[in-house]
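Inside the fold
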There are 2 protein chains.
Amino acid sequence: MTTPHPSHPAVLLAADAVGDVIEYWGFRKALGRVWTVLYLWDGPLSAGDIGERLQMSAGAVSMALTELQRWAVVKRVWLPGERREFFEAEVDLWKMIAKVISERERYLARGVRERLEQAGKMLAESGSRVKGQQEKLEKLVSVAQLAERVIEAFIQSRMADFSTFTGALVEPEGRPSKARRGR
Amino acid sequence: MTTPHPSHPAVLLAADAVGDVIEYWGFRKALGRVWTVLYLWDGPLSAGDIGERLQMSAGAVSMALTELQRWAVVKRVWLPGERREFFEAEVDLWKMIAKVISERERYLARGVRERLEQAGKMLAESGSRVKGQQEKLEKLVSVAQLAERVIEAFIQSRMADFSTFTGALVEPEGRPSKARRGR
DNA sequence: TTGAATCTTCAAAATTTCTTGAAAGATCAA
DNA sequence: TTGATCTTTCAAGAAATTTTGAAGATTCAA
């Protein structure tokens with residue numbers, strides 16, 4: 001076994017801070033840490049590199065990378081002549097935000113709205129004097145429906161403004177991103 | 001011990017759905033359930049009532065009510081001639097959202113921004129060739145600062161639009177909420 | 001094929017979070 | 001005061017989540 005090479009303390013501190021953000025959004029802290037180490041490093045890293053830097057087990061790294069790729073925040077990179085897989089951070093976080101809202105939050109909103117609607121039906125069928133409850137439940141259903149529409153609209157729109165926001169993370173070298181001289 | 005009187009299944013279903021929403025926002029599911037039972041019921045309920053309806057222990061109800069009051073989503077009500085305390089749901093959820101953003105999210109944002117800044121300093125002092133990392137870290141700091149400013153601005157503004165949103169929960173009776181006669 | 005290097009999976013262990021229930025603390029009528 | 005009723009606190013237990021580590025799968029050079 002080789003000597004472990006943990007990252008510079010500054011990198012670990014930053015990784016932990018980003019981990020807290022991502023944890024607040026319902027992911028495991030480790031995902032944020034791994035992404036940060038990849039983001040701060042110039043060039044791709046292997047799973048083993050990441051494990052060393054963050055002192056994580058191979059299994060934990062593998063699972064973190066799998067999930068990060070599922071959310072499109074990390075991409076797999078092929079390096080010629082290398083058996084191992086390498087990874088690098090996706091800087092366009094808008095991709096991730098859109099995906100999470102589209103898959104996770106939309107799913108939540110739909111489930112909640114459906115259950116509230118069903119509760120409304122159940123109450124209506126139960127007959128007994130529950131007029132007040134029914135009206136309140138209607139209100140809840142309205143809010144759920146509104147939230148769902150907001151989410152749908154959010155997904156529909158290209159969210160140009162948000163691209164600006166997360167665009168702040170692109171590489172410092174400032175390579176042209178769109179219509180600047182060829183590629 | 002008296003026979004338990006759980007809520008109507010429809011109410012429990014709705015309570016659970018709201019519980020999921022609140023859980024997604026980082027609170028315990030029980031808080032959402034308690035709020036929903038209070039919201040759907042016409043009039044105030046005692047802690048014992050809530051425990052019966054949701055089949056929760058007295059301790060759990062007490063803790064849930066304490067936290068709900070801390071976030072201003074439930075208010076204590078005094079009923080003449082009653083020894084027990086009663087509670088009812090606060091319908092203006094904007095109060096809660098503002099409080100959570102102001103206390104919890106602002107705190108998170110500040111902590112993250114500070115740690116990223118410190119990481120930047122550490123990297124700068126370390127001397128060695130970490131130019132690329134420093135630049136990337138600067139980007140992260142910028143995003144954190146931006147997020148913090150957005151949160152501050154959010155808190156500053158009265159958020160009139162959001163009141164409209166959450167205003168949808170006010171009592172169906174549609175009594176004027178501001179210039180109510182007397183009282 | 002074989003074997004070395006690497007990756008993934010998953011059951012068990014560790015950790016974190018939540019709930020319970022009983023004891024202590026309040027409150028109030030008598 | 002006393003006793004009855006109700007609330008809060010908190011340690012212990014239960015439950016849920018996360019991490020580990022090792023077995024098995026995969027990949028590729030030889």
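As a starting point, this report considers the structure included with it. (Residues numbered from 1 in each chain as written. Chains lettered and ligands numbered in written order. Predicted model: local features only at pLDDT ≥ 70, side-chain atom pairs only at ≥ 80, totals over all residues. Heavy atoms only, no water.)

In terms of nonpolar packing, the biggest core is built from 42 residues, with V34, W35 and L38 of chain A together with L116 of chain B touching the most fellow members. Those elements that place two or more of their residues in this core are α1 (9-24), α2 (29-40), α3 (47-54), α4 (58-70), β3 (86-89) and α5 (93-125) of chain A together with α5 (93-125) and α6 (131-156) of chain B. Per-element tally for this core: the top contributor is α2 of chain A, with 8 residues. With near-sequence residues (within four places) excluded, L38 of chain A lies in contact with L45, I50, L65, V74, F87, E88 and A89 of chain A. Core analysis: the second largest hydrophobic core is formed by 41 residues, L123 of chain A together with A17, A30 and L68 of chain B among them. (Core = buried A, V, L, I, M, F, W, Y, C linked by side-chain atoms within 4.5 Å. Buried < 20%, exposed > 50% of the residue type's maximum accessible area, 1.4 Å probe, protein only. Helix = DSSP H or I, 4+ residues; strand = E, 2+ residues; numbered from the N terminus. Contact = heavy atoms within 4.5 Å.)

A few words now on the relation of the copies chain A and chain B. With an RMSD of 0.1 Å, the fit of chain A onto chain B corresponds to turning through 180° and sliding 0.0 Å along the axis. What the rotation and shift describe, once combined, is the action of a two-fold rotation axis. The overlap is high: 98% of the interface residues of chain A also sit at the interface in chain B, so the same surface is used on both sides. (Least-squares fit on C-alpha atoms with pLDDT ≥ 70 in both.)

Applying the stated criterion across every chain, the model contains 32 salt bridges over all chains. Residues joined by salt bridges that share partners form a network here, namely D16, D20, K29 and R33 of chain A together with R115 of chain B. (Salt bridge = Lys/Arg side-chain N within 4 Å of Asp/Glu carboxyl O.)

Turning next to the protein's contact with DNA strand C. Residues in close proximity to DNA strand C total 15 residues, the closest being S62, R83, R84 and E85 of chain A together with R28 of chain B. Protein-adjacent atoms of DNA strand C, using a 4 Å cutoff, are sugar or phosphate at a proportion of 67%. Within the backbone of E85 of chain A, an N or O atom sits 3.4 Å from a phosphate oxygen of DNA strand C. Those elements that provide at least two residues to the surface near DNA strand C are α4 of chain A together with α4 (58-70) of chain B. Among the elements that take part in the surface near DNA strand C, α4 of chain A stands out by supplying 4 residues, more than any other. Here the residues of the surface near DNA strand C sort into 5 nonpolar, 4 polar and 6 charged. (Near = heavy atom within 4 Å. Polar contact = N/O pair within 3.5 Å; in protein donor to acceptor, adjacent residues only side chain to side chain. Nonpolar A, V, L, I, M, F, W, Y, C, P; charged D, E, K, R; others polar.)

The next point concerns the interface of chain A and chain B. Taken together, the contact pairs 47 residues of chain A with 46 residues of chain B. For the pair chain A and chain B, the summed buried area comes to about 4,400 Å², and 74% of that belongs to carbon and sulfur atoms. Looking only at chain A, the three residues that lose the most surface to chain B are Y24, R115 and K136 of chain A, adding up to 17% of its buried area. There are 6 salt bridges connecting chain A and chain B. In this structure, D42 of chain A and K136 of chain B form a salt bridge, with 3.8 Å as the shortest nitrogen-oxygen distance. (Buried area = accessible area lost by both parts, 1.4 Å probe.)

Another aspect to go through is the protein's contact with DNA strand D. Close contacts around DNA strand D come from 15 residues, with S57 and M63 of chain A together with G59, S62 and R84 of chain B the closest. Near-protein atoms of DNA strand D (within 4 Å) split between backbone and bases, with sugar and phosphate holding 63%. S57 of chain A is positioned such that a nitrogen or oxygen atom in its side chain is 3.4 Å from a phosphate oxygen of DNA strand D. Contact between DNA strand D and S62 of chain B: a phosphate oxygen at 3.1 Å from a side-chain N or O atom of the residue. At the level of elements, α4 of chain A together with α4 of chain B are the ones that each hand at least two residues to the surface near DNA strand D. Tallying contributions element by element places α4 of chain B first for the surface near DNA strand D, with 4 residues. When grouped by side-chain class, the residues that make up the surface near DNA strand D number 5 nonpolar, 4 polar and 6 charged.

Let us now look at the environment of E85 of chain A. Residue and element names in this part refer to chain A. Examined against the element boundaries, E85 turns out to sit in the loop between β2 (74-77) and β3. Using a relative accessible area of 39% as the deciding quantity, one classes E85 as partly exposed. Spatially, the C-alpha atom of E85 lies 8.4 Å from that of L45, the residues being 40 residues apart in sequence. Ignoring anything within four residues of it in the chain, the contact list for E85 reads L45, S46, A47, R76 and V77. Separated by 2.6 Å, the side chains of E85 and R76 make a polar contact.

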